[in-house]
Amino acid sequence: METELHRFLKSDLLNKYLVGETSLKETQEVEYFIAKYPEASLAYDKLQKNLEIIAKAGAVDVPKHVLKDILKTLDEENQTKVIQLVQHEKTPWYSIAASAAAVLFAVTSFFLYQKNQNLLDENNVVIDEIFDLRSDIENNNNKLGELSDLLMKLNNPDAKKYVLTGNERAKNLKTVAYINPVDKTSMIDVITLPQLPEEQHYQIWAELQDRMVNLGILDESDRKLKPIPYMEDALALSIKIGIKGEETNENNTEVAEISLKDN
């Protein structure tokens, strides 16, 4: 019978009995061994105490090592020494099992919640990056669209190109004007502008039959194609050095000029 008792203690029948998972035959076998052998009864009591520990642990925050320690204790059940059985009131197995299940459920739920929060955070980061990427793509597409429009205007067979180079006063000055008399558009491309004193700046002028019209200010920092007003009857374009804040051109110094009627 000692061999039979040893086999019984090595099995998991006590664990299954404690949580109500034994068949009728297995239940009868467990209750037989508990009643007949003090060792079996002692092992059953220890399992009950272990479940009581789990139930009490459910009332507070569960450290990560608790479940590991409990499983270790359960594994050591078969190493119990034979001692004098002390009778005490037993906690109903279904109450202990329910408490244990509640603790395990709480731990699992917390783990899944944390994992879900991490996934949500990562998902939000990915969404933000997608929106940023879409915004960059839209901005690039807009710039490409603008550049495409400019290239179409420049390559338009109706557009005429006028290169303005500086005189002795501004030898390194070079700009290119594009004028399309068909769609009535004008653009200027600043290539190089010699540096001026702080109080001065470059202005582009259109010469008409009876007057000069200021078409705007040219700046070295604005080195790109920019539209300028189209003048229907302009005879020439000129670039002059003007004084900041002054609207007249009487004292302006001309540094470049090109005729529009000779081309």
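Please read these numbers as outputs of a predicted model, since none were measured by experiment. (Residues numbered from 1 in each chain as written. Predicted model: local features only at pLDDT ≥ 70, side-chain atom pairs only at ≥ 80, totals over all residues. Heavy atoms only, no water.)

A. Broad picture of the sheet that holds strand β2 (residues 174-180). Pairing in this open sheet of four strands is antiparallel, and the strands run β1-β2-β3-β6 from one edge to the other. The open sheet terminates on both sides in strands that have one partner only, identified here as β1 (160-165) and β6 (225-228). Direction aside, the axes of adjacent strands within the sheet are offset by 25° on average. Relative to β6, strand β3 (residues 185-192) runs antiparallel, the two sharing four bridges. (Pairing = 2+ DSSP bridges. Helix = DSSP H or I, 4+ residues; strand = E, 2+ residues; numbered from the N terminus. Axes fitted to C-alpha atoms, helices over the stretch in contact; angles between N-to-C directions.)

B. Focus on the packing of aromatic side chains. Scanning the entire structure with this criterion turns up four aromatic pairs. Between phenylalanine 33 and tyrosine 37 the ring centres are 5.5 Å apart and the planes differ by 25°, which places this aromatic pair in the stacked class. Aromatic ring contacts, followed pair by pair, group Phe8, Tyr32, Phe33 and Tyr37 into a single cluster. Lysine 36 extends its terminal NZ or CZ atom over the ring of tyrosine 37, reaching a point 5.8 Å from the ring centre. Taking the ring centre of tryptophan 205 as reference, the NZ or CZ of lysine 240 above it sits at 5.7 Å. (Phe/Tyr/Trp six-rings, centres within 6.5 Å; stacked < 30°, edge-to-face > 60°. Lys NZ or Arg CZ within 6 Å of the ring centre and 35° of its normal.)

C. Inspection of helix α3 (residues 24-36) at higher detail. For α3, spanning 13 residues, the distance from its first C-alpha to its last is 18 Å, which sits close to the expected 18 Å at 1.5 Å a residue. Listing the buried residues of α3 in full gives Thr27, Val30, Phe33 and Ile34. With its buried residues spanning 135° around the axis, α3 presents them on a single face. Exposed residues lying more than 90 degrees from the buried face of α3 are Leu24, Lys25, Gln28 and Ala35. (Expected span 1.5 Å × (residues − 1). Buried < 20%, exposed > 50% of the residue type's maximum accessible area, 1.4 Å probe, protein only. Arc of directions from axis to C-beta.)

Read these as layout, nothing more, since geometry by itself doesn't imply function.
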